[in-house]
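In case you want the letters, here they are:
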Amino acid sequence: MLFIFSGLAALIPMIIYLLIIWRFDRYDREPFKLLLQNYLWGAIGAIALALIGSVIFSSVINIFIPDNNLVDKLSAIAVAPFVEEITKGIFLFITVSSIKFDNITDGIVYGGAIGLGFGMTENFFYFISATDSISGWIAIIIIRNLFSGVMHCVSTGTFGAFIAMAKFKSGIAKVILPAVGLGIAMFIHAVWNASVSFESTAAIGFLFLFVTVLIFIITFSLSVKNERKIIYSQLLSEASSGLIPAAHLEILSSSGRERKGWIEESIRKTYIKAATTLAFRKIQLENSNGMSKLYYENDISNYRSFIKSLLKNITAT
């Protein structure tokens, strides 16, 4: 029963968080299948690599420092942030190659998903080990679901944001930005682990994480707001050319697009997706070169033809 309840206690909160960050990306929502792949990497792949890496590094430290208590503290404060943020972040370098990965919001969402997956599995290990008392078991569930799991989401989501910024950069910025993002992720992780490793500094840790989460939420909100601006600005020329009705421009770049009645319901969702994708393809075109540039040019042409056909068929009926 402990195994089952611990599994549910680890799974349910992280899935709720995952759905929240996915739904919050309201203007250019990521494919849930790809989101789930990132979540599962965090839950399985990153955990497995992190365990191996932590054992290796801790064993090496133990050779020079025989005090096991001190080694445990060093492992939590230095080894865990270093190893875990790298193993979590590795998968982002695969995800970033997806054509759907095109802005900071995407990096936050995919990185956050990996962190939540990692937090779920790590929490499960802690929950099944907390067998001293029911009250102690409940307390650790509350603390880890409200703080430790969220820390993993924020740290890897931050790394994802910097990888997103680097995607369309060139030269040294393409290397520096991910390195800075990884450093910040490790710093967030290390400060949290260090503060909660000692009873006297635990309150500082909770305050630090609260401020960090607040900054993360503000950044996420601004990034989502920027998506709305991208849709409006990039579709403005499409409205001027007559491809998209001028009356639709404001609707397509607002939450009003989810309401029924402004266009034939049978095509509303398809039209929204096509118009939104067209807007982001145009941004990608501006930031690309070589074969990628040719790909985006062709894709933009295809989406324009599709939207024209879609609206023409509705007008005809």
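Above this text you will find the structure in question.
Residues numbered from 1 in each chain as written. Predicted model: local features only at pLDDT ≥ 70, side-chain atom pairs only at ≥ 80, totals over all residues. Heavy atoms only, no water.

A. Region of the structure containing the overall build of the protein chain. Of regular secondary structure, the protein chain possesses 11 helices and zero strands. From first element to last, N terminus to C terminus, the protein chain shows the α and β order α-α-α-α-α-α-α-α-α-α-α. Here the protein chain holds 317 residues, and the buried ones make up 48% of them. Sequence separation of at least 24 residues holds for 72% of the intrachain contacts in the protein chain that already meet a minimum separation of 6. For the protein chain, the exposed area adds up to about 15,900 Å²; of that, 69% sits on carbon and sulfur atoms. Each charge class in the protein chain can be summarised by its mean position, and for the 26 positive and 21 negative side chains these summaries are 10 Å apart. (Helix = DSSP H or I, 4+ residues; strand = E, 2+ residues; numbered from the N terminus. Buried < 20%, exposed > 50% of the residue type's maximum accessible area, 1.4 Å probe, protein only. Contact = heavy atoms within 4.5 Å. Areas by Shrake-Rupley, 256 points an atom, 1.4 Å probe, with all protein chains shown as cover. Lys, Arg positive; Asp, Glu negative; His and termini not counted. Charge placed at Lys NZ, Arg CZ, Asp CG, Glu CD.)

B. Region of the structure containing the side chain of Ser 254. Looking at where Ser 254 falls in the secondary structure, it is placed in the loop between helix H9 (246–252) and helix H10 (265–286). Judged by its relative accessible area of 14%, Ser 254 is buried. Among all residues touching Ser 254, those that are not within four sequence positions of it are Tyr 27 and Arg 228.

C. Broad picture of the environment of Pro 81. Inspection of the secondary structure puts Pro 81 in helix H3 (residues 68–89). Along the primary structure Pro 81 and Ser 155 are separated by 74 residues, whereas in three dimensions their C-alpha atoms are 9.7 Å apart.

D. Quick look at helix H8 (residues 202–240). The terminal C-alpha atoms of H8, which comprises 39 residues, lie 57 Å apart, in line with the 57 Å expected from a rise of 1.5 Å per residue. Along H8, the sharpest kink reaches roughly 25 degrees, centred on Gln 234. Two residues or fewer after H8 comes Gly 242, characterised by a positive phi angle close to 95 degrees. (Expected span 1.5 Å × (residues − 1). Bend = angle between axes of the 7 residues up to and from the residue.)

E. Summary view of the nonpolar core. By size, the foremost hydrophobic cluster in this structure holds 77 residues, and its most contacted members are Leu 235, Ile 244, Leu 252, Tyr 271 and Ile 307. When residues no more than four places from it in sequence are discounted, the contact partners of Ile 307 are Leu 243, Ile 244, Tyr 271, Ala 274, Ala 275 and Leu 278. (Core = buried A, V, L, I, M, F, W, Y, C linked by side-chain atoms within 4.5 Å.)

F. Summary view of the side chain of Thr 156. Its location among the elements puts Thr 156 in helix H6 (residues 134–167). A residue is classified by how much of its surface remains accessible, and Thr 156, at 0% relative accessible area, is buried. Leave out the neighbours within four places in its chain, and Thr 156 touches Glu 85, Lys 88, Leu 92, Gly 111, Gly 112, Ile 114 and Gly 115.

G. Molecular detail of the packing of aromatic side chains. In the structure shown here, the tally under the stated rule is 15 aromatic pairs. Plain terms: the ring middles of Phe 147 and Phe 206 are 4.6 Å apart, the flat faces sit at 65 degrees to each other, and that makes the pair edge-to-face. Separated by 59 residues along the polypeptide, Phe 147 in helix H6 and Phe 206 in helix H8 bring together distant segments of the chain. The class for Phe 147 is partly exposed, based on a relative accessible area of 25%. (Phe/Tyr/Trp six-rings, centres within 6.5 Å; stacked < 30°, edge-to-face > 60°.)

H. Spatial organisation of the pattern of salt bridges. The tally for this structure, following the rule as stated, stands at nine salt bridges. Lys 282 is the salt-bridge partner of Glu 238, the closest N and O atoms lying 2.8 Å from each other. In this pair, Glu 238 is assigned in helix H8 and Lys 282 in helix H10, connecting sequence segments 44 residues apart. Look at Lys 282 and you get buried, because its relative accessible area is 11%. The partner of Glu 258 in a salt bridge is Arg 257, with the nearest N and O atoms 3.8 Å apart. Each of Arg 257, Glu 258, Glu 265 and Arg 268 takes part in salt bridges that share partners, so that together they form one network. (Salt bridge = Lys/Arg side-chain N within 4 Å of Asp/Glu carboxyl O.)

I. A look at a nonpolar patch on the surface. A contiguous nonpolar surface patch, about 950 Å² in accessible area, is contributed by Leu 49, Ile 52, Ile 56, Phe 57, Val 60, Ile 63, Phe 64, Phe 82, Ile 86 and Ile 90. When contributions to the nonpolar patch are tallied by element, the ones reaching two or more residues are helix H2 (32–64) and H3. Take the nonpolar patch: its biggest share by element is seven residues, from H2. Of note, Phe 82 is situated in helix H3. (Patch = residues over 30% accessible without salt bridge, like charges linked within 9 Å, V, L, I, M, F, W, Y side chains within 5 Å.)

J. Here's a closer look at the environment of Ala 48. Locating Ala 48 in the fold gives a position in helix H2. Exposure remark for Ala 48: the relative accessible area of 38% places this residue in the partly exposed category. In this structure the C-alpha to C-alpha distance between Ala 48 and Phe 118, which are 70 residues apart in sequence, comes to 10.0 Å.

K. Highlighting the packing of H8 against H10. Look at H8 against H10: their axes get within 9 Å of each other, and the N-to-C directions meet at 90 degrees. By the angle class used here, H8 and H10 are roughly perpendicular. For the pair H8 and H10, the contacting residues are Glu 227, Ile 230, Ile 231, Gln 234, Leu 235, Ser 237 and Glu 238 in the first and Ala 275, Thr 276, Leu 278, Ala 279, Phe 280, Lys 282, Ile 283 and Glu 286 in the second. (Axes fitted to C-alpha atoms, helices over the stretch in contact; angles between N-to-C directions. Parallel < 35°, antiparallel > 145°, perpendicular 65-115°, else oblique.)

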